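# Chains, contacts and geometry: an overview
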Amino acid sequence: MDLGIKGKRALVCASSKGLGLGCARALAEAGVDLVMNARGADALDTAAAQIRQDYGVSVTAVAADITTEAGRAAVLEAAGSVDILVTNAGGPPPGMWQDWDRDDFIRALDANMLTPIALMKALLPGMMERGWGRVVNITSQSVKAPIATLGLSNSARAGLTGYVAGTARQLAGKGVTINNLLPGIHDTDRAKALDGAAAKAQGVTPAEARTAREASIPAGRYGTAEEFGAACAFLCSTRAGFIIGQNLLLDGGAVNLTL
Ligand code: NAP
């Protein structure tokens, strides 16, 4: 299927590895020029070079912390006007409800709610002016079904989801769509870190923790960044213009819901 976005320009945040990289690669495969971002310059430059080589698109790499005001300013300056925005950042650390104080919540809200909102506020006016735009926010399955050890994520991502639900409908008439992708467990460094934490808490090996988590997923496996990226590229395509303010679960069936 031709996604109809060849020659468009996308900012994909937190994209040197994992799900962000999956999105960047799928957009590049569709012919989209990229601005990529992560904190660590080495992995970012390697990922950008590989994408240029594989897909022949232009890639600008900006090493910066997207959750800080200075980092966002650097990324936005390099990006200029973009047609597509994919927001992403690292997830908050695990713990239990009684562990977190105000500062922990502020950090989580900054990273996983207020950063994507700030990026949308900066880039949506240009998209509206040009009459076309796509925003995809990477959130989590925890928006649909809370994960006990990820209360900071449950809270911050629910806030972003509420903002998107209201905002997406105000922009729909301008040719701009905003949707959220909700990853279940995908085979990335983040999943490995969570397996490690679960193993420690349960007194098992990381491999045993992974096997137990795989058994809890009807598909019987973790998702891949490639599968995730393909869904992102479709939501960013010209084909998806009637999909507004939705929350698409990519979880191998793990969240037991009818709707
Ligand atoms: P990952 O494999 O750990 O990759 C994270 C990427 O984001 C890396 O490129 C990292 O590079 C970059 N990054 C992290 N913090 C950043 C920051 N402050 N500024 C700029 N770049 C930053 O993680 P992932 O699995 O792809 O997860 C992506 C998001 O999806 C996270 O919010 C995670 O909580 C959520 N999620 C993941 C899963 C899963 O199973 N994988 C499930 C549900 C939700 P640097 O470290 O160099 O900055």
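The following refers to the structure shown. (Residues numbered from 1 in each chain as written. Predicted model: local features only at pLDDT ≥ 70, side-chain atom pairs only at ≥ 80, totals over all residues. Heavy atoms only, no water.)

Counting buried residues in strand β2 (residues 33-38) gives five out of six residues, a clear majority hidden from the surface. The pairing of strand β1 (residues 9-12) with β2 spans four bridges and is classified as parallel. Directly across from Val12, in β2, lies its bridge partner Met36. Regarding the hand of the β-α-β motif, the stretch spanning β1, helix α1 (residues 18-29) and β2 is right-handed. Examined bridge by bridge, β2 and strand β3 (residues 59-63) share five bridges and lie parallel to one another. Opposite Ala38, over in β3, you have Ala63 as the bridge partner. Assessed by its sense of winding, the connection that carries the chain from β2 through helix α2 (residues 41-55) to β3 is right-handed. (Buried < 20%, exposed > 50% of the residue type's maximum accessible area, 1.4 Å probe, protein only. Helix = DSSP H or I, 4+ residues; strand = E, 2+ residues; numbered from the N terminus. Pairing = 2+ DSSP bridges. Right-handed = clockwise from strand over helix to strand, strands pointing away.)

Quick look at the site of the ligand now. Around the ligand sit 28 residues in total, of which Ser16, Leu19, Ala89, His186 and Thr188 are the nearest. Between an oxygen atom of the ligand and a side-chain N or O atom of Arg39, the distance comes to 2.8 Å. Contact between the ligand and Gly40: an oxygen atom at 2.9 Å from a main-chain N or O atom of the residue. Protein contact buries 89% of the 880 Å² of open area that the ligand shows by itself. For the shell around the ligand, the secondary-structure elements that each account for two or more residues are α1, β2 and α6 (189-202). Residues belonging to the shell around the ligand are distributed by class as follows: nine nonpolar, 13 polar and six charged. (Near = heavy atom within 4 Å. Polar contact = N/O pair within 3.5 Å; in protein donor to acceptor, adjacent residues only side chain to side chain. Areas by Shrake-Rupley, 256 points an atom, 1.4 Å probe, with all protein chains shown as cover. Nonpolar A, V, L, I, M, F, W, Y, C, P; charged D, E, K, R; others polar.)

Take the pattern of salt bridges next. The final tally for this structure, using the stated rule, is seven salt bridges. Taking the shortest distance from any N to any O, the salt bridge between Arg107 and Asp104 comes out at 2.9 Å. Of the two residues, Arg107 and Asp104 are both situated in helix α4 (residues 102-130); the distance of three residues between them amounts to about one turn of the helix. Residue Arg107 is classed as exposed on the basis of its relative accessible area, which comes to 53%. In this structure, the salt-bridge partner of Glu227 is Arg221, at a minimum N-O distance of 2.6 Å. Glu227 sits in the partly exposed class, given a relative accessible area of 37%. (Salt bridge = Lys/Arg side-chain N within 4 Å of Asp/Glu carboxyl O.)

Looking now at the sheet that holds strand β5 (residues 133-138). Reading across the sheet, the seven strands line up as β3-β2-β1-β4-β5-β6-β7 and stay open at both edges, with parallel pairing between neighbours. Each of the sheet's edge strands pairs with one partner strand only, and the pair in question is β3 and β7 (247-250). Across the sheet, the mean angle separating the axes of adjacent strands is 15° when strand polarity is ignored. Strand direction decides the pairing type here: strand β6 (residues 176-183) and β7, joined by four bridges, are parallel. Residue Pro183 lies in a different strand from β7, and its bridge partner there is Leu250. (Axes fitted to C-alpha atoms, helices over the stretch in contact; angles between N-to-C directions.)

With that settled, consider the packing of aromatic side chains. Here the structure, examined in full by the defined rule, presents one aromatic pair. Residues Trp100 and Phe105 carry aromatic rings whose centres are separated by 6.3 Å and whose planes lie at 85° to one another, so their mutual orientation is edge-to-face. Sitting over the ring of Trp132, Lys8 keeps its end group 4.1 Å from the ring centre. Above the plane of the ring of Tyr222 lies Arg210, whose end atom (NZ or CZ) is 4.1 Å from the centre. (Phe/Tyr/Trp six-rings, centres within 6.5 Å; stacked < 30°, edge-to-face > 60°. Lys NZ or Arg CZ within 6 Å of the ring centre and 35° of its normal.)

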